[in-house]
Amino acid sequence: MAGIYVHIPFCRKACHYCNFHFSTSFQHKDELVDALLREIELRTQYLKGHRVDTIYFGGGTPSALPHTDITQILERIQSKFRVTDDAEITLEANPEDIHTENLEAWKQAGINRLSIGVQAFQNDLLEKWNRNHDAQKSIDGLHLAQQHNFFNISADLIYGGEGLSDEEWISNIQTLIGLKIPHISAYALTVEPGTVLAHQIQKGRTHAPDDEQSNRQYEILQKKLYANVYMQYEISNFSLPGMESKHNMSYWQGIPYLGIGPAAHSFNGASRQWNVANNIKYTHALRNDVIPFEMEELTSLQRYNEHVMTGLRTARGIESEAVKGLGDEFIINLGSSITPLVNQGKVFINQYGNYALKPEYYFFADGIASDLFMETETKKN
């Protein structure tokens with residue numbers, strides 16, 4: 001099993017909270033697509049014969065590309081890799097791009113899952129965040145996608161932002177439930193360095209997100225979705241039974257994946273590498289058949305800490321067998337450091353026999369995980 005991620009680094013507008021790699025200029029779009037196609041050809045050995053079970057177009061805004069480009073990229077992947085017949089193929093899409101021509105072309109190309117950036121159903125918030133759509137476009141887009149037989153749909157929401165009341169937050173959740181959207185990803189508004197939001201806060205034009213509000217609205221999210229049969233399989237991700245994101249789950253389970261495009265990351269089980277986060281440098285390098293990336297070999301210590309971090313973020317939990325495979329000192333450290341959390345009722349042994357964080361503590365998972373990290377490996381004589 002393996003996955004492929006394709007980074008499409010273009011957006012029509014820059015959302016004020018976003019620090020992902022993208023450009024709002026499409027001037028060199030064709031050259032960059034050519035570079036993506038060339039990188040696909042040059043990277044055929046990275047996954048070493050693994051079957052590709054998931055393909056994910058992320059960004060940026062992949063739906064901002066002409067559908068002919070999406071089709072061409074997907075055809076190139078399918079010609080160079082062993083893509084399974086039932087592979088999950090996801091396209092991130094903004095509501096303004098969801099119309100009949102695109103939907104029909106995406107379906108024909110093989111896209112079978114859409115991840116739609118709704119974020120909110122309040123027009124004042126969408127305008128404040130510099131989104132390129134309004135609430136009605138989101139509702140219309142979700143309906144239209146379903147009418148074109150896209151039933152594997154995920155919708156993104158943001159909570160914790162200034163101006164989002166608890167009542168409005170409940171309404172946003174309820175709207176997606178009412179639309180029978182099978183997968184919901186919800187993220188706390190965060191302040192990333194270098195973003196417009198960070199600048200606005202620094203200049204006193206808006207307030208920083210309030211932790212108490214974020215925590216409260218996260219608890220509301222959990223209660224509303226649990227009551228409507230959604231399962232929480234990761235801190236930010238909820239789905240109806242069987243509708244989890246296979247691609248994202250592969251990240252958290254340490255399954256190899258190949259990243260294509262500027263700023264894309266790859267992981268083969270032993271090392272991690274990442275492409276240059278610069279469209280021009282990326283394009284120029286690929287013209288000369290050079291993949292511009294940096295790489296690090298992961299130590300057992302890094303793999304242990306990453307496994308602890310991702311394990312506590314997911315319902316599957318920290319797999320003791322995986323930790324044991326890294327060395328005796330790691331399983332000993334895990335046992336001694338996690339026992340107090342078990343005694344405090346924050347961690348339990350789940351149905352898989354793994355250490356899992358209780359959902360009421362998910363909001364604090366990153367801080368809890370850091371207490372379990374090892375700083376250095378035990379020296380061997």
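Only a predicted model underlies this, so the values are computations on that prediction, with no experimental measurement involved.

Q: In this structure, what is going on with the environment of histidine 7? I would like to understand it.
A: Assignment of secondary structure puts histidine 7 in strand β1 (residues 2-8). Measuring from C-alpha to C-alpha, the distance between histidine 7 and glycine 60 comes to 7.2 Å, with 53 residues separating the pair along the chain. The contact partners of histidine 7, leaving out residues within four places of it in the chain, are His21, Leu36, Gly58, Gly59, Gly60, Ile260, Gly261, Pro262 and Ala264. For histidine 7, the side chain forms a polar contact with the main-chain oxygen of histidine 21, separated by 2.8 Å.

Q: So what exactly am I meant to see when it comes to helix α10 (residues 279-287) here?
A: A turn of α-helix holds 3.6 residues, and therefore any two residues three or four places apart point the same way. Buried within α10 are the following residues: Asn279, Tyr282, Thr283, Ala285 and Leu286. Projection of α10 onto a plane perpendicular to its axis shows the buried side chains occupying an angular sector of 165°, all on one side. With respect to the buried face of α10, the exposed residues turned more than 90 degrees away are Lys281 and Arg287. Against the buried residues of α10 lie α1 (29-42), β9 (257-260) and β11 (271-275). Capping the start of α10, asparagine 278 holds a side-chain oxygen 3.1 Å from the backbone nitrogen of isoleucine 280, two or three residues further along. Aspartate 289, located one to two residues past α10, shows a positive phi value of around 60°.

Q: Where do I start with the packing of helix α11 (residues 300-313) against helix α13 (residues 328-343) in this structure?
A: A pair of packed helices can be characterised by two numbers: the angle between their axes and the separation between those axes. Relative to each other, α11 and α13 sit at 35°, their axes nearing to 11 Å. When the axes of α11 and α13 are compared, the crossing they make is right-handed. Residues Ser300, Leu301 and Tyr304 of α11 touch α13, and the partners they reach there are Phe330, Asn333 and Leu334. Looking at the contact of α11 with α13 residue by residue, the classes come out as 4 nonpolar, 2 polar and no charged.

Q: Any chance you could explain helix α6 (residues 166-178) here in plain terms?
A: The terminal C-alpha atoms of α6, which comprises 13 residues, lie 18 Å apart, in line with the 18 Å expected from a rise of 1.5 Å per residue. Here α6 has its buried residues at Asp166, Trp169, Asn172, Ile173, Leu176 and Ile177. One side of α6 holds all its buried residues, which, seen down the axis, span an arc of 140°. For α6, the exposed residues lying more than 90 degrees away from the buried face are Glu167 and Gly178. Contacts from the buried residues of α6 go to α5 (135-147), β5 (153-159), β6 (183-188) and α8 (211-226). Following α6 by one or two positions, lysine 180 adopts a phi angle in the positive range, close to 60°.

So, how was this worked out
- Residues numbered from 1 in each chain as written.
- Predicted model: local features only at pLDDT ≥ 70, side-chain atom pairs only at ≥ 80, totals over all residues.
- Heavy atoms only, no water.
- Helix = DSSP H or I, 4+ residues; strand = E, 2+ residues; numbered from the N terminus.
- Contact = heavy atoms within 4.5 Å.
- Polar contact = N/O pair within 3.5 Å; in protein donor to acceptor, adjacent residues only side chain to side chain.
- Buried < 20%, exposed > 50% of the residue type's maximum accessible area, 1.4 Å probe, protein only.
- Arc of directions from axis to C-beta.
- Axes fitted to C-alpha atoms, helices over the stretch in contact; angles between N-to-C directions.
- Left-handed = near helix turned anticlockwise from the far one by under 90°.
- Nonpolar A, V, L, I, M, F, W, Y, C, P; charged D, E, K, R; others polar.
- Expected span 1.5 Å × (residues − 1).

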